[in-house]
Amino acid sequence: MAGGARASDDRDAKLDAYLQSRGLDGVLSAELRRRLESATGDERLAIATRLGEAYARQLERVATPEERREVEVRSAQLLSAIPDAASAGLRLSLAKARYLGAEAIAERARVRLTTPEERQEAERVLREVEGVFRALGMDAHQRVQRLEKQEERGRESESDLLREALGEARRVRSLAFYYAGWSNTYLASLTGSPAHATAGLADFGWLLGVGSGQPATLDKLRPGLLRFEHLARAAIGCALCCSMRGDDASGVAWLRALEDASETPPGVKAQLTARSIDVLGRSRRWNDLSWLVERRRRESNGAPLDAYDARLLVIVSLEALERPEPRTGRNELAESLAQRGMADLIERGEVSNVLDLVERFGTAPIGDEGFVVLYVRGLQGFRRAREAHAAGSNDVDGPVTDETLAALYEQAGGLLEKALAAKVDEALRDERDRCALTLALCRFYSGRLVAAADDFERAFGSARLTDVREESLYLAIRALDLAIGEGQASQEERRDRLSKLFIETFPASERSARLLLARAGRGLVDDREAVELLLGVPADSPLAMSARRLAAQLLYRMYRGSPGAERDFAAMRFVQVAEELLESQRAAMSAGGTSASDPRDAEASVVLARQAVDACLGLSSPDVDRAQRLLDQLDRLAAAGGVDTRGFADELAYRRFQIALAREGVERAAELAAGLRASKSTLANSAERRLYQAVRDAWQRDRREENATRLVRFGSLVLAQFDGPPDAAMAGVMDTVSDAAAFLWIEKNDEVMRDRSRSLDRLLIERTLASRGAMRRYAELSEAAGDNAEALSAWRTLGNALTPDEDEWYEAKYNLFRLLALSDQARAAEAVRQHGVLNPEFGPDPWGSRIREMYQMLVGPLAGPAQGGTP
């Protein structure tokens, strides 16, 4: 019993590891919830912990607020089912996972890269987790106090356990207040509330040497604490909180302490520029901020600021310019800093950032010349044209027909052409490629389709970014498609050439599958490559079902046209894909979806099921169980979809015959084959041949009476199918049936079987199709039937077919002499005497000895010593 439990645990652990390694935390969560229902004791806590970890990973990856709330509800249900004492670490992990998602939004909000909905969601999450962190911190603090008292009066034997528990309680307290502090920091940033900043300072006080809920202050910071990364990060939080409370001097002091401390971790120092821009910009300390930017450029040998820092510099400067400045003489410096940040973004090739900032604040900070300026203005023109296009047309993805809209695209294209003509630094090479792509889009949307295809193809050839190359080549194909649709048939060859090039260049792209679907039958790539491309389309793609249907068609064609092992491989892959498609159709019918109401889908699924049954039974080792399941599914699909199966009823009957032959044996299969014969099905011949092959194989494995009787029975059915003189294929069946009939004659003295064998062998001999075995068999059975003349003739024919180098030749000679002696001893004597002259040793034993005896009987004693010499 214990061994079984351990095996089960091992299987569960392997399954958990597999699901986690594939990122299938949703599936893993469902599995762990199932196990949790029946688990008890320590096992229940262990499963709950793993489930909490899975929820935490899900919370870090959720894409929408709806998904986040669903996981949060499940997390809350888990926590309510686990005792509080055992779930502190679990609660902390889940709250931290929720916090990290909100933190990412808050960081993007600092540089104005979020939507109002995202900010609202971040605020909601931060308010909720701040309360969780605070409660966990206070509970942990009380636990620390109790454990410290126990440690003071505890016994030596308990000291290790107390130290371990105390260390864990302090760890939870530290982490809880750390995340509570940052939750309040980000809430203050998102809401502008100084109260949250004050609360954040109090939270950080628990870590930075104050404790007991008092705000952290720099003068009470214990030396050496900043070498710990989480404490150094807490110090950054203190700087931000001070700034948001209006105490910019303290905020700057915290940042300076981190800057000056030699032990500050590198990861924290890397944040100081952005945090300093935030603090100095909020307090409008433009001189200090200008000095900071200059110092950073000197330290990096003139390199521009990082994109995030540069964008933040532009935002804090320009947003300050939008508000009245209480002191005069500073607006010029703020504007200069905004221009500095924009220049750094341009130098780094951050066109998307520049474009977004220009949309927010206007073009004043970017200047009048250069590639980036022209490119950004061209992009603005393109964006305005797209907005007008969307407002005035139902087809926003196709060319416009309105001349005014076309003119907007041409105007934007003119700016982009000028940008392409400008000198471009190597750092902006990728943006130049995007500029070329956008120019081609202007041509496309304005209706100049062939010119657009030319531009797209040039952009593909010159670009080095994979996404630009892919987009350019695909859009070139689309432009040519539309041109062909407008009557320019001469572009077809070019369109197909580019389609083939796209598939070869971007085989993993979903668009390759789309092209294959659109060009099915045009042979852009061979079937194997096409199958891999089509099956690589993600299951959640709108193309997935269409791609798998075409893949199934290609795999079935490969199965039907491939030899040996390749045929088996193609069959198995085809069946796997077919089963997925059939299950999708069944689910759609069960749910009453659109597929259920379309008889064409039902008919296509029935055809697919028929092909899958064929493939299962066509394997070198037929998978009859799978074939039966597919037949059952076919029946259900046909019934549900109203598909008339009478047109292929004999095919289904034949499949059931094949399954019965493999599962139930020859007799049951023979009944079904007889049904096919009675219905005059064209498949009756195939069924009878399969029966014959099955009993022939059984006969070759086991030469017994039952197998011989069946072989004559079913072999005769196959022979009845032949019309006309026997050929090589028919000769093989005749020889096998004759062999079985001869066996029955020997075993049962069945004269009917003897004569049946003789008649088959006689026909083979007459048509010169008889094997040596057939001629020997005919000779022996003819003699047994009293027809010595036929037996003599058969032995003579066999002897003529052999050579003296073969032992069988001497056997044939012996029987020829023996039978000839029965009717004409003189001729027999002459024949055996001539044999002795030509073969002094008479031949190898046993036939040589027998021929020697016959010589002595018919001719006389042998000459020479011991009567063994030459006659």
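Remember, it's a predicted structure, so these values are computed and weren't measured experimentally.

Parameters and conventions
- Residues numbered from 1 in each chain as written.
- Predicted model: local features only at pLDDT ≥ 70, side-chain atom pairs only at ≥ 80, totals over all residues.
- Heavy atoms only, no water.
- Helix = DSSP H or I, 4+ residues; strand = E, 2+ residues; numbered from the N terminus.
- Rg over C-alpha atoms; globule rule 2.2 N^0.38 Å.
- Contact = heavy atoms within 4.5 Å.
- Areas by Shrake-Rupley, 256 points an atom, 1.4 Å probe, with all protein chains shown as cover.
- Lys, Arg positive; Asp, Glu negative; His and termini not counted.
- Charge placed at Lys NZ, Arg CZ, Asp CG, Glu CD.
- Phe/Tyr/Trp six-rings, centres within 6.5 Å; stacked < 30°, edge-to-face > 60°.
- Buried < 20%, exposed > 50% of the residue type's maximum accessible area, 1.4 Å probe, protein only.
- Lys NZ or Arg CZ within 6 Å of the ring centre and 35° of its normal.
- Axes fitted to C-alpha atoms, helices over the stretch in contact; angles between N-to-C directions.
- Parallel < 35°, antiparallel > 145°, perpendicular 65-115°, else oblique.
- Left-handed = near helix turned anticlockwise from the far one by under 90°.
- Nonpolar A, V, L, I, M, F, W, Y, C, P; charged D, E, K, R; others polar.
- Expected span 1.5 Å × (residues − 1).
- Salt bridge = Lys/Arg side-chain N within 4 Å of Asp/Glu carboxyl O.
- Arc of directions from axis to C-beta.
- Core = buried A, V, L, I, M, F, W, Y, C linked by side-chain atoms within 4.5 Å.
- Polar contact = N/O pair within 3.5 Å; in protein donor to acceptor, adjacent residues only side chain to side chain.
- pLDDT = per-residue confidence, 0-100.
- Disulfide = S-S within 2.5 Å.

Peer 1: Mind showing me how you'd approach the overall build of the chain here?
Peer 2: Along the backbone of the chain there are 40 helices and 0 strands. For a compact globule of 871 residues, the expected C-alpha radius of gyration is about 29 Å, and the chain comes in at 45 Å, more than 25% above that figure. Along the three orthogonal principal directions, the C-alpha set of the chain runs to about 150 × 90 × 65 Å. Put simply, of all contacts in the chain between residues at least 6 apart along the chain, 62% involve residues at least 24 apart. Carbon and sulfur atoms provide 49% of the accessible area of the chain, an area that totals close to 42800 Å². Distance between charge centres in the chain, computed from 122 positive and 137 negative side chains, equals 3 Å.

Peer 1: Honestly, the packing of aromatic side chains in this entry has me stumped. Any pointers?
Peer 2: Aromatic ring pairs: the centre-centre distance and the angle between the two ring planes describe each pair. For the structure shown, the criterion picks out 22 aromatic pairs. Seen in terms of ring centroids, tyrosine 99 and phenylalanine 133 are 6.3 Å apart; in terms of plane orientation they differ by 75°. Their pairing is edge-to-face. Residue tyrosine 99 is found in helix α5 (residues 88-110), and its partner phenylalanine 133 is found in helix α6 (residues 116-153); the two are separated by 34 residues along the sequence. The pair formed by tyrosine 99 and phenylalanine 133 is uniform in burial state, with each residue classed as buried. The ring of tryptophan 745 has arginine 754 lying over it, and the distance from NZ or CZ to the ring centre is 5.1 Å.

Peer 1: What is the right way to look at the packing of helix α30 (residues 649-663) against helix α31 (residues 666-678) in this model?
Peer 2: Two packed helices can be described by the angle between their axes and the distance between those axes. Two numbers describe how α30 lies on α31: the axes approach to 8 Å, and their chain directions differ by 165°. Accordingly, the angle class assigned to the pair α30 and α31 is roughly antiparallel. Once α30 is placed against α31, the crossing between them reads as left-handed. On α31, the residues that touch Asp650, Ala653, Tyr654, Arg656, Phe657, Ala660 and Leu661 of α30 are Val666, Arg668, Ala669, Leu672, Ala673 and Leu676. Among the residues forming the contact of α30 with α31, the class breakdown is 10 nonpolar, no polar and 3 charged.

Peer 1: Help me understand helix α17 (residues 371-392) in this model?
Peer 2: It helps to recall that an α-helix has 3.6 residues per turn; residues three or four apart then point in one direction. The terminal C-alpha atoms of α17, which comprises 22 residues, lie 31 Å apart, in line with the 32 Å expected from a rise of 1.5 Å per residue. Buried within α17 are the following residues: Phe371, Val372, Val373, Tyr375, Val376, Gly378, Leu379, Gln380, Gly381, Phe382, Ala385 and His389. Considering only its buried residues, α17 is in contact with α15 (331-347), α16 (351-361), α18 (403-421) and α19 (429-446).

Peer 1: I would appreciate a short explanation of the pattern of salt bridges in the present structure.
Peer 2: As enumerated under the stated definition, the model contains 67 salt bridges in all. The partner of glutamate 431 in a salt bridge is arginine 434, and the shortest N-O contact between them spans 3.2 Å. A residue pair is termed a helical-turn pair when its members lie 3 or 4 positions apart in one helix, as glutamate 431 and arginine 434 do in helix α19 at 3 residues. Using a relative accessible area of 29% as the deciding quantity, one classes arginine 434 as partly exposed. Through salt bridges with shared partners, one network takes in Glu667, Asp702, Arg704, Glu706, Arg710 and Arg713.

Peer 1: How should helix α24 (residues 527-535) be read in this particular structure?
Peer 2: All of the buried residues in α24 are Ala530, Val531, Leu533 and Leu534. Angularly, the buried residues of α24 cover 165° about the axis, an arc narrow enough to put them on a single face.

Peer 1: Would you take a moment to explain the nonpolar core for this structure?
Peer 2: Most often, soluble globular proteins have nonpolar side chains that are buried together. Of all hydrophobic cores here, the largest spans 177 residues; its most connected members are Leu208, Trp254, Leu289, Phe456 and Phe574. In this structure, tryptophan 254 is in contact with Leu208, Ala216, Thr217, Leu218, Leu221, Ala235, Cys238, Ala239 and Cys242, ignoring residues within four places of it in sequence. Counting residues in each nonpolar core, the second largest holds 33 residues, with Ala670, Phe714, Val737 and Leu760 among its members.

Peer 1: Which parts of the structure should I look at to understand the environment of aspartate 481?
Peer 2: Here aspartate 481 lies in helix α21 (residues 466-485). Taking C-alpha positions, aspartate 481 is 9.9 Å from valine 450, a pair spaced 31 residues apart along the chain. For aspartate 481, the contacting residues outside a window of four places in its chain are Arg495 and Arg519. Side-chain polar atoms of aspartate 481 contact the side chain of arginine 495, separated by 2.6 Å.

Peer 1: Quick question: what am I supposed to make of the packing of α5 against helix α7 (residues 159-191) here?
Peer 2: Where α5 meets α7, the closest approach of the two axes is 10 Å, and the angle between their N-to-C directions is 30°. When the axis of α5 is compared with that of α7, the two are roughly parallel. Between α5 and α7 lies a crossing whose hand is left-handed. In contact with Leu92, Lys96, Tyr99, Glu103, Ala106, Glu107, Ala109 and Arg110 of α5, α7 contributes Val172, Leu175, Ala176, Tyr179, Trp182, Ser183, Tyr186, Ser189 and Leu190. Its residues assigned to classes, the contact of α5 with α7 comprises 11 nonpolar, 2 polar and 4 charged.

Peer 1: Mind showing me how you'd approach the environment of valine 606 here?
Peer 2: Looking at the secondary structure, you find valine 606 in helix α28 (residues 599-618). Contact partners of valine 606, with chain neighbours within four places excluded, come to Leu634, Leu637, Ala638, Val643 and Phe648.

Peer 1: Would you mind going over the confidence of the model for the chain with me for this structure?
Peer 2: Parts of the prediction with low pLDDT should not have their coordinates interpreted in detail. Overall, the predicted model of the chain reaches an average pLDDT of 84, with 90% of residues at or above 70. Of all the helices and strands in the chain, helix α27 (residues 594-597) carries the lowest mean pLDDT, 45, while helix α20 (residues 449-462) carries the highest, 93.

Peer 1: Even after reading the chapter, I still don't get the environment of valine 372, so can you show me in this structure?
Peer 2: Looking at where valine 372 falls in the secondary structure, it is placed in helix α17. Note: C-alpha distance between valine 372 and aspartate 644 (272 residues apart in sequence) is 66 Å.

Peer 1: It is not clear to me how unusual backbone geometry should be interpreted in this structure. Could you clarify?
Peer 2: Both trends apply: most residues other than glycine have a negative phi, and most peptide bonds are in trans. Aspartate 845 connects to proline 846 through a cis peptide bond whose omega is 10°. Within the secondary structure layout, proline 846 lies in the loop between α39 (825-838) and α40 (847-858). One non-glycine residue, lysine 680, lies in the positive phi region at around 60°. Structurally, lysine 680 can be placed in the loop between α31 and α32 (684-701).

Peer 1: Explanation requested: the state of the cysteines in the structure shown.
Peer 2: Applying the stated rule across the entire model yields 0 disulfides. Summary of cysteine pairing: cysteine 238 is not part of a disulfide, and the nearest cysteine sulfur, belonging to cysteine 242, is at 6.5 Å.

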